[in-house]
Amino acid sequence: MTSPSYPFSHKPDIVIFDCDYTLWPYWADCHLSPPFNKVSEDKIIDSSGYDVKLYQDTIPILEYCRDHGLPMAIASKSPMNKMYQDLMKLFGIHKFFIQFEIYCMSKSRHMTDIQKKQSVEFQKMIFFDDEYGNIRTTRNMGVHAVHCPHERGVTWDIFMKALKDYDAEMKRARR
């Protein structure tokens, strides 16, 4: 299967996602109780029987990135690295990411670690997060940071607008 062509002139070098309230609708380290159980192909529950889900547009967005050659990373402020990675494996999304920065440090530290390990400029990153403080911090570094509302996380519309805005920003920078 051939992927459709990328609709913009400029691709980011990496697309970075927070987890909580960006890919899924909860703070996993506060609201969920491991271990998790995959009871069917599309149903995961935690140890208390809570139905664990992703936001509706998460998988289509990750597939779009994969299909268009956009590398992806995770930057999440949590002490529960193993739990987050286990959860991503159960959802089948772990395979989409080339790097996982999951630890209790600032998003500036996450971005710096990604920048160093991937050898990319901050200006060539797009980052999605639900917290305005993280958006401000990473924008001050030069990252194209995009806010995602708690109620919806990263949606298809937010994602496509971010790619369009990134493209426009890169075109302006080349002038």
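Each remark here, short or long, concerns the structure printed above.
Residues numbered from 1 in each chain as written. Predicted model: local features only at pLDDT ≥ 70, side-chain atom pairs only at ≥ 80, totals over all residues. Heavy atoms only, no water.

**Student:** Help me understand the nonpolar core in this model?
**Tutor:** One recurring pattern in soluble globular proteins: nonpolar side chains tend to sit buried together. Among the nonpolar cores identified, the biggest contains 43 residues, and F17, W24, M88, F97 and F128 are the most heavily contacted of them. Contributions of two or more residues to this core are made by β1 (14-17), α2 (58-67), β5 (72-76), α3 (81-91), β6 (97-102), β7 (125-129) and α6 (156-174). Per element, the largest residue contribution to this core is seven residues, and it comes from α6. Discounting chain neighbours no more than four positions away, the residues touching F17 are L23, I61, L62, M72, A73, I74, A75, F97, F127, F128 and V154. Listed in part, the 14 residues of the second largest apolar core include I16, M111, V120 and V143. (Core = buried A, V, L, I, M, F, W, Y, C linked by side-chain atoms within 4.5 Å. Buried < 20%, exposed > 50% of the residue type's maximum accessible area, 1.4 Å probe, protein only. Helix = DSSP H or I, 4+ residues; strand = E, 2+ residues; numbered from the N terminus. Contact = heavy atoms within 4.5 Å.)

**Student:** I keep staring at the sheet that holds β7 and nothing clicks. Help me out?
**Tutor:** The strands that make up a sheet are held in pairs by hydrogen bonds between backbone atoms, and each pair lies either parallel or antiparallel. Spatially, the five strands line up as an open sheet ordered β6-β5-β1-β7-β8, and their pairing is parallel. Every other strand in the sheet has two partners, leaving β6 and β8 (144-147) as the edge strands with one partner each. Sheet twist, expressed as the mean angle between neighbouring strand axes with direction ignored, is 20°. Pairing geometry for β5 and β6, over five bridges, is parallel. Counted as the bridge partner of A75 is E101 from β6. Strands in contact with α6 are β7 and β8; relative to β8, the strand with the most contacts, it is inclined by about 155°. (Pairing = 2+ DSSP bridges. Axes fitted to C-alpha atoms, helices over the stretch in contact; angles between N-to-C directions.)

**Student:** When you look at the sheet that holds strand β4 (residues 51-52) in this model, what are you seeing that I'm missing?
**Tutor:** Taken together, the three strands give an open sheet; going across it, the order is β2-β3-β4, and neighbouring strands pair in antiparallel fashion. Among the strands making up the open sheet, the edge pair consists of β2 (37-40) and β4. Across two bridges, the pairing between strand β3 (residues 43-45) and β4 is antiparallel. Within β4, the residue paired with I45 across the bridge is D51.

**Student:** Mind showing me how you'd approach α3 here?
**Tutor:** For an α-helix the count is 3.6 residues per turn, leaving residues at separations of three or four pointing the same way. Three or more residues of α3 are buried, namely M83, Y84, Q85, L87, M88 and F91. Among the structural elements, α1 (28-31), β3, β4, α2, β5 and β6 are those in contact with the buried residues of α3. Phi turns positive one or two residues past the end of α3, at G92, with a value near 80°.

**Student:** What should I look at first to understand α6 in this one?
**Tutor:** The terminal C-alpha atoms of α6 lie 27 Å apart, and with 19 residues this matches the ideal 27 Å at 1.5 Å per residue to within 8%. For α6, the full list of buried residues reads I158, F159, M160, A162, L163, Y166, D167 and M170. Where α6 is buried, its residues meet α2, β7 and β8. (Expected span 1.5 Å × (residues − 1).)

**Student:** Explanation requested: the pattern of salt bridges in the structure shown.
**Tutor:** Oppositely charged side chains may form a pair once their charged atoms are brought near each other. Applying the stated rule across the entire model yields 10 salt bridges. The partner of D51 in a salt bridge is K43, with the nearest N and O atoms 3.7 Å apart. Judged by relative accessible area, which is 28%, D51 ranks as partly exposed. For K43, a relative accessible area of 34% gives the class partly exposed. K161 is the salt-bridge partner of D165, the closest N and O atoms lying 2.7 Å from each other. Taken together, the positions of D165 and K161, both in helix α6 and four residues apart, correspond to about one turn of that helix. With a relative accessible area of 30%, D165 lands in the partly exposed category. One salt-bridge network, held together by shared partners, links D18, K107 and D129. (Salt bridge = Lys/Arg side-chain N within 4 Å of Asp/Glu carboxyl O.)

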